[in-house]
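Survey of secondary and tertiary structure
Below, each chain spelled out in residue letters.
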Amino acid sequence: MRMINAVSEPRPSPAAASSTAASAPEATPFAFITRGWREVRDSAGADLRLMRARAINFKNLATSIDRELENFLHSASSSFSVPVVQSPQPPELDFVKRLQPKLSEFRRAYSSPDFSQRVLQKWTPPPKIRINLSAIKNAFVSDVEDNARLIDWERGFRTWDWKGEKEEGEKEWEPIRKLKTQLKELERKSSSSEIFRNFEKLKTNLKSIYQEPQESKDVLPLDMSELLAYWVKQSGPLLGLRQDICDKIVEALCSKQKDQLMWRSLSSWETSMHEHENINDELDFRIASVLRSTGHCYEGGFWSDSVKHDFTNEKRHVAIVTTASLPWMTGTAVNPLFRAAYLSKSAKQKVTLLVPWLCKSDQKLVYPNNLTFSSPQEQEAYIREWLEERVGFKTDFKIAFYPGKFSKARRSIIPAGDTTQFISSKEADIAILEEPEHLNWYHHGKRWTDKFNHVVGVVHTNYLEYIKREKNGALQAFLVKHINNWVTRAYCHKVLRLSAATQDLPKSIICNVHGVNPKFLRVGEKVAAEREQGQQVFSKGAYFLGKMVWAKGYKELIGLLAKHKKDLEGFKLDVYGNGEDSHEVQSTARKLELNLNFLRGRDHADDLLHSYKVFINPSVSDVLCTATAEALAMGKFVVCADHPSNDFFRAFPNCLTYKTSDEFVAKVKEAMASEPQPLTPEQTYNLSWEAATQRFMESSELDKFLNRSTENSNSAVQNSSNKNKSVKSMSWPSLNEVVDGSIAATHYFLTGNEILRLSTGAIPGTRDYDKQHCKDLHLLPQMVQNPVYGW
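Residues numbered from 1 in each chain as written. Predicted model: local features only at pLDDT ≥ 70, side-chain atom pairs only at ≥ 80, totals over all residues. Heavy atoms only, no water.

What follows covers the overall build of the chain. Secondary structure assignment for the chain yields 32 helices and 16 strands. Among the 791 residues that make up the chain, the fraction classed as buried is 44%. Counting only contacts in the chain whose residues sit at least 6 apart along the sequence, the fraction spanning at least 24 positions is 72%. On the chain, roughly 43,500 Å² of surface is accessible, and the fraction owed to carbon and sulfur atoms is 54%. (Helix = DSSP H or I, 4+ residues; strand = E, 2+ residues; numbered from the N terminus. Buried < 20%, exposed > 50% of the residue type's maximum accessible area, 1.4 Å probe, protein only. Contact = heavy atoms within 4.5 Å. Areas by Shrake-Rupley, 256 points an atom, 1.4 Å probe, with all protein chains shown as cover.)

Take the packing of aromatic side chains next. Aromatic rings considered in pairs are described by the distance between their centres and by the relative angle of their planes. Taken as a whole and assessed by the stated rule, the structure comprises 19 aromatic pairs. Geometrically, the ring pair formed by Y543 and Y612 is tilted, given 4.8 Å between the ring centres and 40° between the ring planes. Of this pair, Y543 sits in strand β11 (residues 540-545) while Y612 sits in strand β14 (residues 612-617), and the two are 69 residues apart along the sequence. Taken as a pair, Y543 and Y612 share a single burial class, namely buried. (Phe/Tyr/Trp six-rings, centres within 6.5 Å; stacked < 30°, edge-to-face > 60°.)

By way of backbone hydrogen bonds, the strands of a sheet pair with one another, either parallel or antiparallel. Strand order in the open sheet formed by 6 strands is β13-β12-β11-β14-β15-β16, with parallel pairing between adjacent strands. Bordering the open sheet on either side are β13 (596-599) and β16 (655-658), each of which pairs with just one other strand. For this sheet the average axis-to-axis angle between neighbouring strands, irrespective of direction, equals 25°. As paired elements, β14 and strand β15 (residues 637-641) share 4 bridges and run parallel to each other. The partner of F615 across the bridge, within β15, is V638. Helix α22 (residues 626-633) rests against β11, β14, β15 and β16 of the sheet, and its axis sits at about 160° to β14. (Pairing = 2+ DSSP bridges. Axes fitted to C-alpha atoms, helices over the stretch in contact; angles between N-to-C directions.)

Now for empty space enclosed by the protein. Applying the stated rule across the entire model yields 7 cavities of 30 Å³ or more. Space inside the largest cavity adds up to approximately 80 Å³. In terms of lining, the largest cavity is formed by N335, N512, H514, G515, V516, L624, C625, T626, A629, F648, F649 and L687. Of the residues that constitute the lining of the largest cavity, the class distribution is 7 nonpolar, 5 polar and no charged. (1 Å grid on protein atoms, 1.4 Å probe; cavity = no way out; pocket = protein on both sides within 12 Å on 5 of 7 lines; lining within 4 Å. Points joined across faces, edges and corners; volume = space filled by probe spheres on them. Nonpolar A, V, L, I, M, F, W, Y, C, P; charged D, E, K, R; others polar.)

Core analysis: the largest hydrophobic core is formed by 130 residues, its most contacted members being F397, L561, L573, I616, F664 and F696. Other than its neighbours up to four places away in sequence, I616 contacts A542, Y543, F544, L557, L573, V639, F664 and V668. (Core = buried A, V, L, I, M, F, W, Y, C linked by side-chain atoms within 4.5 Å.)

Now for the environment of I399. Inspection of the secondary structure assignment puts I399 in strand β5 (residues 398-407). Residues I399 and V351, 48 residues apart in the sequence, show an inter-C-alpha distance of 8.7 Å. When near neighbours in sequence (up to four residues on either side) are disregarded, I399 contacts L353, V355, E380, I383 and R384.

What follows concerns the side chain of H643. Assignment of secondary structure puts H643 in the loop between β15 and β16. Setting aside residues no more than four positions away along its own chain, H643 makes contact with A501, V620, D622 and R650.

So, about the pattern of salt bridges. Under the definition given, this model contains 20 salt bridges. Ionic pairing is found between D740 and R489, a salt bridge with its closest N-O pair at 2.6 Å. On the criterion of sequence distance, the pair formed by D740 in helix α29 (residues 735-751) and R489 in helix α18 (residues 473-491) is long-range, its members being 251 residues apart. Residue D740 is classed as buried on the basis of its relative accessible area of 3%. The closest approach of N and O atoms between K552 and D622, which form a salt bridge, is 3.5 Å. Of this pair, K552 sits in the loop between β11 and α20 (554-563) while D622 is found in the loop between β14 and α22, placing the two residues 70 residues apart along the sequence. Shared partners join several salt bridges into a network, and the residues in it are D642, D647, R650 and K659. (Salt bridge = Lys/Arg side-chain N within 4 Å of Asp/Glu carboxyl O.)

Looking at the chain as a whole, its pLDDT mean stands at 75, while 64% of the residues score no less than 70. This model gives residues 298-306 a pLDDT under 50, and the stretch forms 20 contacts once residues within four places in sequence are excluded. Ignoring residues within four places in sequence, the model shows residues 720-733, a span with pLDDT below 50, making 31 contacts including any to other chains. (pLDDT = per-residue confidence, 0-100.)

The next subject is unusual backbone geometry. A cis geometry characterises the amide bond from L326 onward to P327, with omega recorded as 15°. The topology assignment puts P327 in the loop between β3 (316-321) and α12 (331-343). Phi is positive for E435, close to 65°, though the residue is something other than glycine. If you trace the backbone, E435 turns up in the loop between β7 (430-434) and α15 (436-440).

As a further point, take the environment of A651. Within the secondary structure, A651 sits in the loop between β15 and β16. Expressed as a C-alpha distance, the spacing of A651 and Q683, which sit 32 residues apart in the sequence, is 8.7 Å.

Structure (structure tokens):
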């Protein structure tokens, strides 16, 4: 038997593989990982080739042994083939014969074609392997933390199939393929220009911090006259100066600098300012250009409250806060009620009407016919029944109550406690303050503009006119005028004045946002239809209707009738009203022997009043008389004074105005001798609450808050058409917010002192609501809500 030498292929050493990999250029920062995996792959392939070579050699060895045994047996049988002499066989031959079947079986077993496959199955590594790449992951995170998220470590390297070595026509080993793919992606991202761009952007931003603005070299700084003019413009309401006087002072201070400084400081895109005739706008843009040249950008006031509920993706909420409630038939009770009804008709917003709740002792003093309510729910039912009977549709808004007390001296309801707390923070979006000065005279609580996103004030009453009629009225009117300026400026974003008869307040515009009860319009339509049929509609003469207090026009009425008693001989006037001055008014009329017939107060919609033809209203204390609008809606003549409170009614042909007492007599005779004209459809619409609601939405800018998308589109159009305004808004200084916040803080401090409150006419104990209010409205006592520690 010859010696068998098993020939095997030499396995490449790791050092050789390492040197080969090291010789390759390191093209990427992570080439060492690729080199490590290449070494693993080459080593595994070399082991497989070695095992396969050993299996083939072992097979050849078995075949060679079998062949040698066959040769040995053939040679032995031929040497002992003589049959003559049979001698005993040697023991070696018996051993070979016994070994032959086993060798044949061994040959068949190891010469089978699937022998190599069984050997490979035994020595090949398991079909599944798990690779822990936590160390590699940590290395990646430490080196390139921002880009490590590009590789899905949890999903990408969990489990792979062993595919064996990569041969021709076969796929590459799966773990190596995925790792190489992810490494190439990481290398591409890390070597992209994004990092370079971010670095350049950061460098530019850092450079801009220390870079002097380019425009500062072109725009000259403000001089003393311009600073003084701007101070007068901002502080005019605080000093009690009228708007026209402030404008004259500003014009005088800026006129000298207009040609030589102001225009020269403006850049080319601001040259359109030459077309502005208003010196205030010119000064505003001048301030804005200087601030813009310094890099200033206004981002909010010093006193602004940043914690507000965001209503961007929610249904907007409107809270209407008023100073009176039914059954008190006054303008601040009726008009806010109709406003809530018509605003709630739209599905764009939710509406809450917040009205004062009076204890029973105050109800008896305020509500007519000794009508009282034992609970807020009972009064709410009364209000809704009255309203729905007149508007003709089911209303969908919430009615809430806040504590209030009736002031006999002021003949009005004063809020008790912090009124803002009766609107939850989740609903604090838009606030409409009916009579904002009245609501905030003694307001000691959270600032309205801090809690609400948009605050609109609607001025109903000319308080200065009423105060001037009282004792020491001039001094009181002077103080109240400044207080009204301060509180409306500090607590409102926008103020709407029903007419020019009211005080000129900051942030205010003039617009009639009141309509007429639909019931009066239906009466007017009925009257017009009956007149077309030839029927007699008006069977009575003239009347006057209003709360019987001297300030409601009774003084002017008695004075005119007394002066022209002879000129108006035979003229009879029916007077409907109840009030605190009823006895004095009636006794004065009897002393002067005036032909006045005093009757108890009635609702203007009462059927008894439909047959009157002329409504007389000589009042000059009203801001916008609701009774005048109702009389015009019913198709009657109205004789009223030529006064700013009646400017809205001048467009109606049935409105007869007078300037002197002689003209009063002439207008009364004209109305009594002729027939009123029927209203046109346009005139009817202008008197309606639908038109009033539309005017309110536009003048208060409420539509911008309720229609966010419309606001954005409109602002884009405005910015493209007027770049000056956008620049002005971007660079507008925060002086206004600082002043407004200072006023609010001072007002809060002063109204917190009970002595100061009482000295200015406040009702005792109105800084906080009392126990009876807690019981009626189910409120927590003040000691619980505002505890005082240390006693």
